[in-house]
Amino acid sequence: MVQKYQSPVRVYKHPFELIMAAYERRFPTCPLIPMFVDSDTVNEFKSEDGAIHVTERRCKLDIDAPRLLKKIAGVDYVYFIQKNSLNSRERTLHIEARNETFSNRVIINEHCCYSVHPENEDWTCFEQSASLDIKSFFGFESTVEKIAMKQYTSNIKKGKEIIEYYLRQLEEEGITFVPRWTPPSLAPSSEMSSSCKKPAAPLAVVVPDPALKEGLSSEPLSTPSGVPEPAVGTPDDKLDADYIKRYLGDLTPLQESCLIRLRQWLQETHKGKIPKDEHILRFLRARDFNIDKARETLCQSLTWRKQHQVDYILDTWQPPQVLQDYYAGGWHHHDKDGRPLYVLRLGQMDTKGLVRALGEEALLRYVLSINEEGLRRCEENTKVFGRPISSWTCLVDLEGLNMRHLWRPGVKALLRIIEVVEANYPETLGRLLILRAPRVFPVLWTLVSPFIDDNTRRKFLIYAGNDYQGPGGLLDYIDKEIIPDFLSGECMCEVPEGGLVPKSLYRTAEELENEDLKLWTETIYQSASVFKGAPHEILVQIVDASSVITWDFDVCKGDIVFNIYHSKRSPQPPKKDSLGAHSITSPGGNNAQLIDRIWQLGRDYSLVESPLICREGESVQGSHVTRWPGFYILQWKFHSMPACAATSLPRVDDVLASLQVSSHKCKVMYYTEVIGSEDFRGSMTSLESSHSGFSQLSAATTSSSQSYSSSMVSR
């Protein structure tokens, strides 16, 4: 497996030329890097105007590896070829490195870039990316990979320290300024150049390349492995190392790399609202920074959020009065670490009454709104306390808990809520304080604990009776001034006291079922299942020619082919099969066929769009301007994957592969609408009008071309 690394943008608050003077002092050897034994210049080129310096060095490294491994490999030192391309005119330095030793067994490629900060020309930015591919190494592939990653991350940490060390050295020698390169005809006079206290050490001459003529290369710099060359500067879509430390916390170099790579993947493939960096980091932490597992769960969660419009729940959903009166929970200041504090008096809450009066869906939605509010409060506290706060503390008071709380439907609702929260809000619980646990608590814990992630369970602190008042108790985590009054504290807590829900508010099973359906179908999307040999089809009747059929759909599982057909005759009523719910967070899907098997393409109906192959995980938006009235059929058809379509790169259609119950089943979530031509101006943004349900969608719509048909696919 190829290991990859991508750094954040690291900023030096010094001019580019001074950074280059410091950088050149690393050669031919650097005492701050013990493994860097020596280096020899093997090739050199300098353009006539002095703007381009190319230097190629052969670097000798003493890798910290077991003596036995070195003996088996038959080497004491490892050699790398490093090529530095300095463009003084553009003020950039590109560094390429590859291993010479064992190049037929191990492929290591690195690319680094120093460039001028796009917003401050007196600052310098640095980025680096690398890849490691161990094909074979005498049966020690895993060991070599661990050694290589350990050595590389160690050197990454030292990189900025080394530059700053040599900057201090330059300053001690009186060198605080290095003039910029100027064309020979504009070279400064001797009087001007003498203004510097002491001339800077000559910049390292960089490796010559015959292809470089007049300061320009015949092709862009790249590494053999295809490691992407870091772009110059720090645009908005890149993460700054200082920003990471300030708002996300202290991350190791590999953790930073995972965050940057997953974030970049989302920007390239995800259609719609990109989650915040803190949220992406939570999914990585929940999966121990396994980028593939984090990508899978995050992709599922984003689809779920879009389907149920969770991003808008705080603005569009008002909790029923019953919840406001009888749900004994609420936010209460913060703990000693600055985390928002949520207080839940579970023992005083009538879970049976709430479930009977509201149903599971209303309770679930209320818990989701609490979690969304928690995310918002974490952002606010990060600004207030000046340090990263990405989780909250929950204080659960169990006084009053009894067998009534173990009512089976209530426990079922609790387990469902836990599963949804675990899947979509990982690493948001910083600490859970369970107070006054009664004897019945172990029974509830036995039922609930299997559904809670191991990392989350380690954050639980359980106190029986009044143990929370002693050493290691509540005062270790919450300031005395904000301990709630019902826990013998001094702070008045405005959390509702709960109590029994009046039976007059209870709803019948039929009423709750209808209400549940209403809650989860507030989304404008519909779900459908597509099987091999059984496509899903919907009918759109067009009365006026030049109407516009619009669509927006997500491929949640499998690969599909999207087609649009036209027919002058009306199809028979659809053959529809209910498929039931397939997951705890999805309302399920249907499958319907409209095109009769006896119909012939070209005689009974015609294809009006070229087939569009859509991969798993993609979002597709598009439109079709109709030419004739009649009946249009939108079809999602199963697409078989070619056996030879293997690739070494991660693909969008691999993201949810582990969820597939059957290799012959696909799932789509779609929305369609017909708009009059007078309301359509040829772009997806024009769909946001008073006539269009698309105004309810995420604001991140994508423009499409003004042809008779258009589709945008997010890959």
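Figured I'd write up the structure that's included with this text. (Residues numbered from 1 in each chain as written. Predicted model: local features only at pLDDT ≥ 70, side-chain atom pairs only at ≥ 80, totals over all residues. Heavy atoms only, no water.)

## Some points on the overall build of the protein chain
- Along the backbone of the protein chain there are 16 helices and 25 strands.
- The proportion of buried residues among the 715 residues of the protein chain is 51%. (Helix = DSSP H or I, 4+ residues; strand = E, 2+ residues; numbered from the N terminus. Buried < 20%, exposed > 50% of the residue type's maximum accessible area, 1.4 Å probe, protein only.)

## Side note on helix H1 (residues 16-24)
- With nine of nine residues buried, H1 is to be regarded as a mostly interior element.
- Among the residues of H1, Phe 16, Glu 17, Leu 18, Ile 19, Met 20, Ala 21, Ala 22, Tyr 23 and Glu 24 are the ones counted as buried.

## Here's the deal with the packing of aromatic side chains
- All chains considered together, the criterion is met by 21 aromatic pairs.
- Taking the centre distance of 5.4 Å and the plane angle of 75° together, the rings of Tyr 23 and Phe 27 count as edge-to-face.
- With 4.8 Å between their ring centres and 85° between their planes, Tyr 327 and Tyr 366 make a pair best called edge-to-face. Placement of Tyr 327 in the loop between helix H10 (321-326) and strand S9 (329-334) and of Tyr 366 in helix H12 (residues 360-385) is noted, with a sequence separation of 39 residues between them.
- When its relative accessible area of 13% is taken as the criterion, Tyr 366 is described as buried.
- Through pairs of rings, three or more aromatic residues link up here, namely Tyr 12, Tyr 23, Phe 27, Phe 36, Tyr 114 and Phe 126.
- When the ring centre of Phe 486 is taken as reference, the NZ or CZ atom of Arg 345 above it lies at 4.0 Å. (Phe/Tyr/Trp six-rings, centres within 6.5 Å; stacked < 30°, edge-to-face > 60°. Lys NZ or Arg CZ within 6 Å of the ring centre and 35° of its normal.)

## A look at the packing of helix H7 (residues 277-286) against helix H8 (residues 291-307)
- Between H7 and H8, the shortest axis-to-axis distance is 8 Å and the interhelical angle comes to 125°. The orientation of H7 relative to H8 falls into the category oblique. Handedness of the crossing formed by H7 with H8: right-handed. On the side of H7, the interface is formed by Ile 280, Phe 283 and Leu 284, while H8 contributes Ile 291, Ala 294, Thr 297, Leu 298 and Ser 301. (Axes fitted to C-alpha atoms, helices over the stretch in contact; angles between N-to-C directions. Parallel < 35°, antiparallel > 145°, perpendicular 65-115°, else oblique. Left-handed = near helix turned anticlockwise from the far one by under 90°. Contact = heavy atoms within 4.5 Å.)

## Things to note about the nonpolar core
- Of all hydrophobic cores here, the largest spans 52 residues; its most connected members are Leu 323, Tyr 327, Leu 354 and Leu 398.
- No other element matches H12, which puts nine residues into this core.
- Sequence-distant contacts of Tyr 327, that is, excluding residues within four places in its chain, are made with Val 322, Tyr 342, Leu 344, Met 349, Leu 354, Leu 363, Tyr 366, Val 367, Ile 370 and Pro 496.
- Formed by 43 residues, the second largest nonpolar core is a distinct cluster that contains Phe 16, Leu 69, Tyr 166 and Leu 167. (Core = buried A, V, L, I, M, F, W, Y, C linked by side-chain atoms within 4.5 Å.)

## Describing the pairing of strand S10 (residues 340-344)
- Taken across its five residues, S10 has five buried, putting it largely inside the fold.
- Burial of the side chains of S10 extends over both faces: Pro 340, Tyr 342 and Leu 344 are buried on one face and Leu 341 and Val 343 on the other.
- Linking S9 to S10, which pair antiparallel, is a turn of five residues; within it Gly 338 sits at a positive phi near 90°.
- Sheet topology places S10 next to strand S11 (residues 392-397); four bridges connect them, and they run parallel. Looking at the pairing, Leu 341 lines up with Thr 393 of S11. (Pairing = 2+ DSSP bridges.)

## A short note on the pattern of salt bridges
- Across all of its chains, the model carries 30 salt bridges by this definition.
- As a salt-bridge pair, Glu 24 and Arg 57 come within 3.3 Å of each other at their nearest N and O atoms. Note that Glu 24 is positioned in helix H1 and Arg 57 in strand S4 (residues 52-61), a separation of 33 residues in sequence.
- Overall, Glu 24 belongs to the buried group, its relative accessible area being 12%.
- Residue Glu 121 is joined to Arg 180 by a salt bridge in which the shortest nitrogen-to-oxygen separation is 3.4 Å. Here the residue Glu 121 occupies a position in strand S8 (residues 120-134), and Arg 180 occupies one in the loop between helix H3 (141-172) and helix H4 (190-193), the gap between them amounting to 59 residues.
- Look at Arg 180 and you get partly exposed, because its relative accessible area is 39%.
- Here the residues in one salt-bridge network are Asp 335, Asp 337, Arg 339 and Arg 431, joined through shared partners. (Salt bridge = Lys/Arg side-chain N within 4 Å of Asp/Glu carboxyl O.)

## Considering the sheet that holds strand S13 (residues 460-464)
- What the five strands build is an open sheet, ordered S9-S10-S11-S12-S13; its pairing is mixed. Edge positions in the open sheet fall to S9 and S13, since each of these has one partner strand only. Adjacent strand axes in the sheet meet at a mean angle of 20° when their direction is disregarded.
- Two elements, S11 and strand S12 (residues 429-437), share six bridges in a ladder whose sense is parallel. Paired with Val 396 across the strands is Ile 434, a residue of S12.
- Across the sheet, H12 is in contact with S9, S10 and S11; its angle to S9 comes to roughly 5°.

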